[in-house]
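Chain by chain, the residues:
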Amino acid sequence: MIHSKVINPKVLDSWQKDIIMSLCQLEMYFPPSFFNVMVPLVSHIVGEINFCGPIFLRYMYPFERYMGFLKGYVRNRSQPEGGIVEGNASEEVIDFCTDYLARVNNIGIPFGGIGTIGIFFITPEYDELQNAYFFVLKNLTAVSPYMST
């Protein structure tokens, strides 16, 4: 309800009571170690809606979540920004390469499932074989001094 784009100001007081009752019930069932700094902040949301309007206009959760994701790139705590930039850049390069390679045929994998199982050998005729040998010998640079023109 608190994330709605349209909020009726008349229901804010009942929301505040519901939030307080929910927090009290949570305190009855869960130990104090369950509650961190963020849990009691829920009780202030209705006041913020009353003063500033709907929450979706200033909601920071997606940005905070993304910053938590970027903090995973930090390797050197003395220069965290450099680690974030390097990690983000390397991830973008990997994404680009995988997108590019998705359109390229793989090397070493036969196309269309054709493998070596159905391979067959061609045995040329004697004349064709002699012509191939002569062509190779004629084009070798080591044989060229012995050939007469």
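All of these numbers come straight from a predicted model, not from anything done at the bench.

Draft legend 1. Highlighting the overall build of the chain. Looking only at helices and strands, the chain features five helices and zero strands. Ordered by position in the sequence, the α and β elements of the chain form the string α-α-α-α-α. Relative to its full complement of 149 residues, the chain shows a buried share of 12%. Summarising the internal contacts of the chain: among those between residues at least 6 apart in sequence, 42% fall at separations of at least 24.

Draft legend 2. Region of the structure containing the UniProt feature "transmembrane region" (unreviewed entry) in the chain. As recorded in UniProt, the feature "transmembrane region" (unreviewed entry) lies at residues 37-57. Taken end to end, residues 37-57 is 38% helix and 0% strand, and its two terminal C-alpha atoms sit 23 Å from one another.

Draft legend 3. Representation of the packing of aromatic side chains. Tallied over the full model, the rule gives four aromatic pairs. Judged by centre distance (4.4 Å) and plane angle (20 degrees), the rings of Phe-30 and Phe-34 are stacked. Judged by centre distance (5.1 Å) and plane angle (85 degrees), the ring pair of Phe-34 and Phe-35 falls under edge-to-face. Look at Phe-34 and you get partly exposed, because its relative accessible area is 40%. Pairwise contacts between aromatic rings join Phe-30, Phe-34 and Phe-35 into one cluster.

Draft legend 4. Focus on helix α2 (residues 45-52). Residues of α2 that are buried include every one of Ile-45, Val-46 and Ile-49, and no others. Viewed along the axis of α2, the buried residues span an arc of 105 degrees, placing them on a single side of the element. Facing away from the buried side of α2 by over 90 degrees, the exposed positions are Asn-50, Phe-51 and Cys-52. Those residues of α2 hidden inside the fold are in contact with α1 (12-29).

Draft legend 5. Spotlight on the layout of surface pockets. Approximately 450 Å³ is the volume attributed to the largest pocket. Looking at the largest pocket, it is lined by 14 residues, and the ones nearest its centre are Met-38, Leu-41, Ile-45, Ile-55 and Tyr-59. Secondary structure elements with two or more residues in the lining of the largest pocket: α2 and α3 (61-70). Here the residues of the lining of the largest pocket are counted per class, giving nine nonpolar, two polar and three charged.

What counts and what doesn't
Residues numbered from 1 in each chain as written. Predicted model: local features only at pLDDT ≥ 70, side-chain atom pairs only at ≥ 80, totals over all residues. Heavy atoms only, no water. Helix = DSSP H or I, 4+ residues; strand = E, 2+ residues; numbered from the N terminus. Buried < 20%, exposed > 50% of the residue type's maximum accessible area, 1.4 Å probe, protein only. Contact = heavy atoms within 4.5 Å. UniProt positions renumbered as here; feature names shortened; annotations may be inferred. Phe/Tyr/Trp six-rings, centres within 6.5 Å; stacked < 30°, edge-to-face > 60°. Arc of directions from axis to C-beta. 1 Å grid on protein atoms, 1.4 Å probe; cavity = no way out; pocket = protein on both sides within 12 Å on 5 of 7 lines; lining within 4 Å. Points joined across faces, edges and corners; volume = space filled by probe spheres on them. Nonpolar A, V, L, I, M, F, W, Y, C, P; charged D, E, K, R; others polar.

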